[in-house]
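Understanding the architecture of this molecule
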Amino acid sequence: MKWGNFTPVHFASLAIGALIILAIFLILRKRSQTVQTAVLGVLSFAGIAAIIYNMLPPNNVLQNLPLQLCSLNAMLLPIVVFTKNKTLGNLLLAWCLGAICALILNNECVNMDIFGLDFAFYYYPHLMECGIPILLFALGHIKKDPKCILSSLVISLAAYTVIHFINLWINDYAAANDLGFSVNYMFSMQPNNPLSDLLYSLVPYKYFYMLLYFPLIAVYLAIVYLPDMIRSKKAGEAGKK
């Protein structure tokens, strides 16, 4: 059975994913933080497993390096679960949006068999990469901090810029050696879904067109942190009385 894009199977997978995250929350919410950390810690390695799976032969290693946003998320996730680092935790709250988009705008994976290994190593890691950061905040392991909005945007921009130059280097190397492939990590070289197609139509230049995502991310983060900013403002006003 094919996954499809905006098909009944695709919609069902999104609904099931949301229920899985909700079920994990309901199961863990009355457990000790030690148990919660242990469970989330085990689940957080799903992305690492997917990175290893994607780099195994006969896959081309250079085409499957962990340089997509979701791969960066996957590598940070166990660190954040076990260290409770506030800055990185808030960063993953931004990066989990990429995992959500990967599940919804799944253009490159529409022909995956939902009972196959390729689907399992795509769907479940992305589900954990969007769900676990949310669970860490919902279960009180990390606190949202509006002051981290700037650091999240700066770190994201820095990572995107570095990876763009890695794209250029790998593509130059592949072309010089007639390897017959190119890479597009973090999609800095060309668009890959309807939204990035739209952004590219506005700014038809590799690297620069993806910068239009950052105002959208800033709006998303402003919405996410709005309740916290309102509470902080009210607390400040109450303290002055």
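Please refer to the structure higher up on the page.
My aim in this report is to walk through the structure given alongside it, one point at a time. Worth saying up front: this structure is predicted, and the values here are computed from it rather than measured.

**Describing the packing of aromatic side chains**
- Under the definition given, this model contains twelve aromatic pairs.
- Look at W169 and Y173: their rings are 5.7 Å apart centre to centre, the planes differ by 10°, and that puts the pair in the stacked class. On the criterion of helical spacing, the pair formed by W169 and Y173 is a turn pair, its members being four residues apart in helix α7 (residues 148-176).
- These aromatic residues form a ring-pair network of at least three members: W3, F119, Y122, Y123 and Y124.

**Comments concerning the environment of L88**
- Here L88 is to be found in helix α5 (residues 86-104).
- Separated by 80 residues in sequence, L88 and L168 place their C-alpha atoms 27 Å apart.
- Dropping the residues within four chain positions of it, L88 is found in contact with L76, I79 and V80.

**Let's talk about the side chain of N184**
- Within the element layout of this structure, N184 appears in the loop between α7 and α8 (194-202).
- The residues contacting N184, other than those within four sequence positions of it, are Q68, N167, M189 and Q190.

**Remarks on the environment of N54**
- Tracing the sequence through the fold places N54 in helix α3 (residues 46-55).
- The class of N54 is partly exposed, set by a relative accessible area of 29%.
- For the pair N54 and L65, spaced eleven residues apart in the sequence, the C-alpha separation amounts to 8.4 Å.
- If near-sequence neighbours (up to four positions away) are discounted, N54 is found in contact with N59 and N64.

**Some remarks on the packing of helix α1 (residues 8-28) against helix α6 (residues 117-138)**
- α6 packs onto α1 with a crossing angle of 40° between their chain directions and a minimal axis gap of 10 Å. One finds that α1 runs oblique with respect to α6. Crossing geometry of α1 relative to α6 is assigned as right-handed. Between α1, through S13, I16, G17, I20, I21, I24 and F25, and α6, the contact on the second element is made entirely by Y123, Y124, L127, M128, G131, L135 and A138.
- When the residues that make up the contact of α1 with α6 are grouped by side-chain class, the tally is eleven nonpolar, three polar and no charged.

**Digging into helix α2 (residues 33-43)**
- Along α2, the residues that are buried comprise Q36, T37, L40 and G41. Projected down its long axis, α2 carries its buried residues within an arc of 125°, all on one side. Along α2, exposed side chains directed more than 90 degrees from the buried face belong to T34 and V42.
- Lining the buried residues of α2 we find α1, α4 (69-83) and α6.

**A word on the packing of α5 against α7**
- Where α5 meets α7, the axes come as close as 9 Å, and the angle between the chain directions of the two elements is 70°. Taken together, α5 and α7 sit at an angle that is classed as roughly perpendicular. The crossing of α5 and α7 is right-handed. Residues K86, T87, N90, L91, A94 and W95 of α5 form the contact with α7, whose participating residues are C148, S151, S152, I155 and S156.
- Looking at side-chain class alone, the contact of α5 with α7 contains five nonpolar, five polar and one charged residues.

**So, the nonpolar core**
- Ranked by size, the top nonpolar core spans 54 residues in total, and within it W3, L40, W95, L127, I132 and L136 carry the most contacts.
- Listing elements by their share of this core, those giving two or more residues are α1, α4, α5, α6, α7 and α9 (213-240).
- Setting aside anything within four residues of it in sequence, one finds L40 in contact with I24, L28, V81, I132, L135, L136 and L139.

**Quick look at α3**
- Within the sequence span of α3, burial applies to G47, A50 and I51. Each buried residue of α3 sits inside an arc of 105° when the element is viewed along its axis, so together they form one side.
- Those residues of α3 that are buried lie in contact with α4 and α6.

**Comments concerning the pattern of salt bridges**
- Enumeration according to the criterion identifies three salt bridges in this entry.
- The salt bridge partner of K86 is D145, with a shortest N-O separation of 2.8 Å. Of this pair, K86 sits in helix α5 while D145 sits in the loop between α6 and α7; the two residues are 59 residues apart in sequence, bridging distant segments of the chain.
- Judged by relative accessible area, D145 falls into the buried class, the value being 13%.
- Residues K144 and D228 are paired through a salt bridge, measuring 2.9 Å at the closest nitrogen-oxygen approach. Taken together, the residues K144 in the loop between α6 and α7 and D228 in helix α9 connect sequence positions 84 residues apart.
- When salt bridges with common partners are traced through the structure, they connect K144, D228 and R231 into a single cluster.

What counts as what
Residues numbered from 1 in each chain as written. Predicted model: local features only at pLDDT ≥ 70, side-chain atom pairs only at ≥ 80, totals over all residues. Heavy atoms only, no water. Phe/Tyr/Trp six-rings, centres within 6.5 Å; stacked < 30°, edge-to-face > 60°. Helix = DSSP H or I, 4+ residues; strand = E, 2+ residues; numbered from the N terminus. Contact = heavy atoms within 4.5 Å. Buried < 20%, exposed > 50% of the residue type's maximum accessible area, 1.4 Å probe, protein only. Axes fitted to C-alpha atoms, helices over the stretch in contact; angles between N-to-C directions. Parallel < 35°, antiparallel > 145°, perpendicular 65-115°, else oblique. Left-handed = near helix turned anticlockwise from the far one by under 90°. Nonpolar A, V, L, I, M, F, W, Y, C, P; charged D, E, K, R; others polar. Arc of directions from axis to C-beta. Core = buried A, V, L, I, M, F, W, Y, C linked by side-chain atoms within 4.5 Å. Salt bridge = Lys/Arg side-chain N within 4 Å of Asp/Glu carboxyl O.

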